[in-house]
Amino acid sequence: DARVFCFEPNKDNFELLKENIKLNSFEGRIFPFNVAVCGESGKRKLFLSEGKTGGHSFYRESERHVVVECITLKEIFERNKIDVCDYMKIDCEGGEYDILLNAPDECLKRIRFICMETHVSKEHSIDEIKERLRKAGMKVFIDRRYEEMMYAVNPELMEKEVFESVKVFKPE
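As the structure is a prediction and not an experimental result, all values here were calculated from the model. (Residues numbered from 1 in each chain as written. Predicted model: local features only at pLDDT ≥ 70, side-chain atom pairs only at ≥ 80, totals over all residues. Heavy atoms only, no water.)

A.B. asks: For this particular structure, what's the right way to read the overall build of the chain?
C.D. replies: Along the chain, the regular secondary structure elements total six helices and ten strands. Overall, the C-alpha framework of the chain stretches about 45 × 40 × 30 Å when taken along its three principal axes. In the chain, which comprises 172 residues, the proportion classed as buried is 41%. A sequence separation of at least 24 residues applies to 65% of the contacts in the chain between residues at least 6 apart. Total accessible area computed for the chain in this model is approximately 10400 Å², and 50% of it derives from carbon and sulfur atoms. Both charge centroids of the chain, one from 29 positive and one from 34 negative side chains, sit 2 Å from each other. (Helix = DSSP H or I, 4+ residues; strand = E, 2+ residues; numbered from the N terminus. Buried < 20%, exposed > 50% of the residue type's maximum accessible area, 1.4 Å probe, protein only. Contact = heavy atoms within 4.5 Å. Areas by Shrake-Rupley, 256 points an atom, 1.4 Å probe, with all protein chains shown as cover. Lys, Arg positive; Asp, Glu negative; His and termini not counted. Charge placed at Lys NZ, Arg CZ, Asp CG, Glu CD.)

Take a look at the structure:
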């Protein structure tokens, strides 16, 4: 009985997410939240991408923006009573640094597998994320076909056969 938690800060995208959940009869299994996941709670400006609904970002400034509510990874785990997260997908247009570099070990150690798109940042390097995840006990892989794709596996939470199958990627 998998539960899927989705976090979408943009109101229009959030409404589309809810519509798709209903159209596919996934109510009660997929739980949408109209908030951004960040390194700290509060409100922030989300800059809106022109013509690309998936390109909104806290880091690529534009003339148009909305103020959104933010929640931390720790708060997500606590409020939703998540003991172990089997799969975490992160695609947040540069927000991966804020989320992961500020997440406590207690959260990161409870994630089996992370699949994320990484972005070039003026303030951070991808190596910081790799080191942070390693510190939490994860093995980190970069998909050389798509340099921006990073995967992290927690061998303590993975069955050996599953962990071995992930090794198709070169460990970093």
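Picking up after the structure, the text goes on.
A.B. asks: Sorry, what's going on with the pattern of salt bridges here?
C.D. replies: Between side chains of opposite charge, a pair can form when the charged atoms approach closely. Summed over all chains, the structure comprises eleven salt bridges. R79 is paired through a salt bridge with E75; the nearest N and O atoms lie 3.8 Å apart. Note that R79 and E75 are positioned in helix 2 (residues 73-79) at a spacing of four residues, about one turn of the helix. Assessed through its relative accessible area of 58%, R79 is described here as exposed. One continuous salt-bridge network, built from bridges that share partners, spans K11, E15 and K18. (Salt bridge = Lys/Arg side-chain N within 4 Å of Asp/Glu carboxyl O.)

A.B. asks: Is there a simple way to explain the sheet that holds strand 4 (residues 42-47) in this structure?
C.D. replies: Backbone hydrogen bonds are what pair the strands of a sheet, in a parallel or an antiparallel way. What the three strands build is an open sheet, ordered 3-5-4; its pairing is mixed. For this open sheet the edge positions go to strand 3 (36-37) and strand 4, each flanked by a neighbour on one side alone. Bridge count between strand 3 and strand 5 (residues 65-71): two bridges; the pairing is parallel. Residue V37 lies in a different strand from strand 5, and its bridge partner there is I71. (Pairing = 2+ DSSP bridges.)

A.B. asks: I keep staring at the pairing of strand 9 (residues 149-153) and nothing clicks. Help me out?
C.D. replies: The side chains of a regular strand alternate between the sheet's two faces. Among the five residues that make up strand 9, five are buried, leaving the element largely enclosed by the rest of the structure. Here strand 9 shows a buried face lined by M149, Y151 and V153 and a second buried face lined by M150 and A152. Where strand 7 (residues 113-117) meets strand 9, five bridges bridge the pair, whose relative direction is antiparallel. Across the sheet, M116 pairs through a bridge with M150, a residue of strand 9. As paired elements, strand 8 (residues 139-142) and strand 9 share four bridges and run antiparallel to each other. Looking at the pairing, I142 lines up with M150 of strand 9.

A.B. asks: Explanation requested: unusual backbone geometry in the structure shown.
C.D. replies: As a rule of thumb, non-glycine residues mostly have phi less than zero, and peptide bonds are mostly trans rather than cis. The backbone of K81 sits at a positive phi, close to 50°, despite the residue not being glycine. One can find K81 in the loop between helix 2 and strand 6 (88-90). Within the chain, E93 stands out as a residue other than glycine whose phi angle is a positive 50°. Relative to the elements of secondary structure, E93 occurs in the loop between strand 6 and helix 3 (96-102). The exposure class of E93 is buried, given its relative accessible area of 9%.

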